[in-house]
Amino acid sequence: MNELSSRLNRERRFLVLLGVICLALIGGALYMQVVLGEAPCPLCILQRYALLFIAIFAFLAAAMPGRRSLTVFEVLVVLSAVGGIVAAGNHVYILANPMVSCGIDTLQPIVDDLPLAKLWPLAFQVDGFCSTPYPPILGLSLAQWALVAFVLTAVLVPLGIYRNRRGG
């Protein structure tokens, strides 16, 4: 029982770290928006939602006392990461094919009608186009970095669950 408890605590620490990283990524996006003037597109905002949901579910999972409730929130983390993969994957595709539009006319009103867009418009309201290229960071676009982060989350969380629970 002590070894299982130790493994679950390691899992919880990983989830807290994941939540902090996601919040830091949202902070970085806000910095780029406010300070560098990089306007967020509908897909950027959807990626912010995915990061926020991952962070919330990761923190909730880390706070859960039982293994089953911990697993439920970890599944929600993975589902949020899959949503992020879809948004970031579409964004990467659009950046690679600039003639394709992200559908700002159809996506913008939907994204701007979400509750957080009204509560915190600076962070969650659309203000740009998905096809706008911004300078890469370490050779990758922001959308590519987001895609990497979402894929890593979708892979590492289930691997952590498997690794930490296979003996117990």
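Residues numbered from 1 in each chain as written. Predicted model: local features only at pLDDT ≥ 70, side-chain atom pairs only at ≥ 80, totals over all residues. Heavy atoms only, no water.

The name given to the protein chain in an unreviewed UniProt entry is Disulfide bond formation protein B, and the organism recorded there is Pseudomonas fakonensis. Looking at the Function (unreviewed entry) heading of the UniProt record, one finds this comment for the protein chain: "Required for disulfide bond formation in some periplasmic proteins. Acts by oxidizing the DsbA protein." If you open the UniProt record of the protein chain and go to Subcellular location (unreviewed entry), you find "Cell membrane". (UniProt positions renumbered as here; feature names shortened; annotations may be inferred.)

So, on to the UniProt feature "transmembrane region" (unreviewed entry) in the protein chain. Taking the UniProt record as the reference, the feature "transmembrane region" (unreviewed entry) is found at residues 14–34, 46–63, 75–96 and 142–162. Between the first and last C-alpha atoms of residues 46–63 the distance is 26 Å; the span itself is 100% helix and 0% strand. (Helix = DSSP H or I, 4+ residues; strand = E, 2+ residues; numbered from the N terminus.)

Moving on, we come to the packing of aromatic side chains. According to the stated counting rule, one finds 5 aromatic pairs in the structure shown. Taken together through their ring pairs, the aromatic side chains of Tyr49, Phe53, Phe57, Phe73, Trp120 and Phe124 make up a single cluster. (Phe/Tyr/Trp six-rings, centres within 6.5 Å; stacked < 30°, edge-to-face > 60°.)

Another aspect to go through is the packing of helix 3 (residues 67–96) against helix 7 (residues 142–165). Closest axis-to-axis distance for the helix 3/helix 7 pair is 7 Å, and the angle between their directions is 155°. In terms of orientation, helix 3 lies roughly antiparallel with respect to helix 7. As helix 3 packs across helix 7, the resulting crossing turns out to be left-handed. A per-class count over the contact of helix 3 with helix 7 returns 17 nonpolar, 6 polar and 3 charged. (Axes fitted to C-alpha atoms, helices over the stretch in contact; angles between N-to-C directions. Parallel < 35°, antiparallel > 145°, perpendicular 65-115°, else oblique. Left-handed = near helix turned anticlockwise from the far one by under 90°. Nonpolar A, V, L, I, M, F, W, Y, C, P; charged D, E, K, R; others polar.)

A surface patch of nonpolar side chains, about 940 Å² in accessible area, is lined by Phe14, Ile137, Leu138, Leu142, Trp145, Val148, Val151, Leu152, Val155, Leu156 and Leu159. Structurally, Val151 can be placed in helix 7. (Patch = residues over 30% accessible without salt bridge, like charges linked within 9 Å, V, L, I, M, F, W, Y side chains within 5 Å. Areas by Shrake-Rupley, 256 points an atom, 1.4 Å probe, with all protein chains shown as cover. Salt bridge = Lys/Arg side-chain N within 4 Å of Asp/Glu carboxyl O.)

The next subject is the side chain of Arg48. Within the secondary structure, Arg48 sits in helix 2 (residues 42–63). Despite its burial, Arg48 pairs with no opposite charge; the closest candidate is Glu38, at 8.3 Å N-O. Here Gln33 takes part through its side chain, which lies 2.8 Å from a polar atom of the side chain of Arg48. Within the structure, Arg48 has its side chain in polar contact with the backbone oxygen of Ala123 (distance 2.6 Å). When residues no more than four places from it in sequence are discounted, the contact partners of Arg48 are Ile26, Ala29, Leu30, Gln33, Pro40, Leu122, Ala123 and Phe124. (Buried < 20%, exposed > 50% of the residue type's maximum accessible area, 1.4 Å probe, protein only. Lys, Arg positive; Asp, Glu negative; His and termini not counted. Polar contact = N/O pair within 3.5 Å; in protein donor to acceptor, adjacent residues only side chain to side chain. Contact = heavy atoms within 4.5 Å.)

Our focus in this paragraph is the packing of helix 2 against helix 7. For the pair helix 2 and helix 7, the least separation of the axes is 12 Å and the interaxial angle reads 30°. Overall, the two elements helix 2 and helix 7 adopt an arrangement that is roughly parallel. Here helix 2 runs over helix 7; the crossing is left-handed. Judged by residue contacts, Gln47, Ala50, Leu51 and Ile54 of helix 2 engage Ala143, Ala146, Phe150 and Thr153 from helix 7.

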